[in-house]
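A look at the structure
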Amino acid sequence: MGNIKEYFTSVGQGIKSLLSGMAVTGKEFVTPKITEQYPENRATLDISDRFRAELTLKYDEEGRHRCIGCGICQMNCPNGTIQLTTKMVELPDGKKKRKLDKYMYDLGSCTFCMLCVTTCPQGALEFSNDFEQAVFTRDALVKQLNYRPEPEGEPAPAPKPAMSPEELARIKAEALKKAEAIKAAKAAAAAKAAEAGEKKDETPAETK
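Some details on the overall build of the protein chain
- In terms of helices and strands, the protein chain carries four helices and five strands.
- Among the 208 residues that make up the protein chain, the fraction classed as buried is 16%.
- When contacts within the protein chain are restricted to residue pairs at least 6 apart in sequence, those whose partners lie at least 24 apart make up 67%.
- Counting only carbon and sulfur atoms, one obtains 58% of the accessible surface of the protein chain, whose full area is about 17100 Å².

Pasting the structure below:
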């Protein structure tokens, strides 16, 4: 009698387990599909802006980038992914300035840690979300980021903001105060030198 009871109990548990599994499977038939049909849906594929795919230089409307070739990103890169070369150019006023010559980036060794982006003092770097980076050779993963031709001439300097009358008065007062301090220091030095000369004249001459 006990064996028959155990038999039907195990059969009931098996049927219950089968129905539970079929319920999960049945739900999947009516669940909206999330599988991306790539590359068929390439035109409508939405990639998150936070996705890090490739390091790029930021360019403005005139085709200029902000990189000054300081090398901070190269020093902070843990894998040696970034290699910078710079050059010295002569400005129209005769002064010399260091400029970026080549910005080489090895995508194959990049860990996408963003140390280069977060430590750039000029905010010249960012990661794009273009994930289509498949190539046939590793050499093709080494890219020059400053591939655009540089515009002719130096960018115009930003106009200085006009100072308020209060700020002009403060600067004028500070300059006057500084000039008076310098004048007082010179007078004190002259008085000290004159006093030293008088004491020297009062000293009796040595007799032989």
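Concerning the sheet that holds strand β5 (residues 142–144)
- Spatially, the three strands line up as an open sheet ordered β2-β3-β5, and their pairing is antiparallel. Of all strands in the sheet, those with a lone pairing partner are β2 (82–90) and β5, marking the two edges. Direction aside, neighbouring strands of the sheet carry axes that sit 25° apart on average.
- Note: β2 against strand β3 (residues 96–106), nine bridges, orientation antiparallel. Of the residues in β3, the one forming a bridge with Glu90 is Lys96.

Structural notes on the pattern of salt bridges
- If you walk through the whole model with that rule in mind, you get four salt bridges.
- Where Lys143 meets Glu54, a salt bridge forms, and the shortest distance between an N and an O atom there is 3.0 Å. Here Glu54 lies in strand β1 (residues 54–57) and Lys143 lies in strand β5, a separation of 89 residues in the sequence.
- Arg64 is the salt-bridge partner of Glu62, the closest N and O atoms lying 3.2 Å from each other.

Some words on the nonpolar core
- Leu55, Leu57, Ile82, Tyr103, Tyr105, Cys116 and Leu125 are the most contacted members of the largest nonpolar core, which has 20 residues in total.
- The set of elements that each furnish at least two residues to this core consists of β1, β2, β3, α3 (115–119) and β4 (125–128).
- Per-element tally for this core: the top contributor is β3, with three residues.
- In this view, Leu57 contacts His65, Cys67, Leu100, Tyr103, Ala124, Leu125, Leu145 and Asn146; residues no more than four positions away in its chain are not counted.

Considering the state of the cysteines
- Summed over the entire model, instances satisfying the criterion amount to zero disulfides.
- For Cys67, which is in no disulfide, the shortest distance to another cysteine sulfur is to Cys73 and amounts to 6.1 Å.
- Judged by its relative accessible area of 15%, Cys67 falls in the buried class.
- Residue Cys113 stays outside any disulfide, its sulfur separated by 6.3 Å from that of Cys116, the closest cysteine.
- Judged by relative accessible area, Cys113 falls into the partly exposed class, the value being 37%.

Structural notes on the side chain of Arg64
- In this structure, Arg64 sits in the loop between β1 and α2 (72–76).
- Reaching out from Arg64, the side chain makes a polar contact with the side chain of Glu62 at a distance of 3.2 Å.

Overview of empty space enclosed by the protein
- If you walk through the whole model with that rule in mind, you get two cavities of 30 Å³ or more.
- Put simply, the largest cavity is a space of about 100 Å³.
- When contributions to the lining of the largest cavity are tallied by element, the ones reaching two or more residues are α2 and α3.
- Considering only residue class, the lining of the largest cavity consists of eleven nonpolar, five polar and no charged.
- Volume-wise, the second largest cavity comes out at about 70 Å³.
- In terms of lining, the second largest cavity is formed by Leu57, Cys67, Ile68, Cys70, Ile72, Cys73, Tyr103, Cys120, Pro121, Ala124 and Leu125.

Considerations on the pairing of β3
- Linking β2 to β3, which pair antiparallel, is a turn of five residues; within it Gly94 sits at a positive phi near 95°.
- Where β3 lies against β5, three bridges are found, and the strand directions are antiparallel. The residue of β5 that forms the bridge with Tyr105 is Lys143.

Conventions we followed
- Residues numbered from 1 in each chain as written.
- Predicted model: local features only at pLDDT ≥ 70, side-chain atom pairs only at ≥ 80, totals over all residues.
- Heavy atoms only, no water.
- Helix = DSSP H or I, 4+ residues; strand = E, 2+ residues; numbered from the N terminus.
- Buried < 20%, exposed > 50% of the residue type's maximum accessible area, 1.4 Å probe, protein only.
- Contact = heavy atoms within 4.5 Å.
- Areas by Shrake-Rupley, 256 points an atom, 1.4 Å probe, with all protein chains shown as cover.
- Pairing = 2+ DSSP bridges.
- Axes fitted to C-alpha atoms, helices over the stretch in contact; angles between N-to-C directions.
- Salt bridge = Lys/Arg side-chain N within 4 Å of Asp/Glu carboxyl O.
- Core = buried A, V, L, I, M, F, W, Y, C linked by side-chain atoms within 4.5 Å.
- Disulfide = S-S within 2.5 Å.
- Polar contact = N/O pair within 3.5 Å; in protein donor to acceptor, adjacent residues only side chain to side chain.
- 1 Å grid on protein atoms, 1.4 Å probe; cavity = no way out; pocket = protein on both sides within 12 Å on 5 of 7 lines; lining within 4 Å.
- Points joined across faces, edges and corners; volume = space filled by probe spheres on them.
- Nonpolar A, V, L, I, M, F, W, Y, C, P; charged D, E, K, R; others polar.

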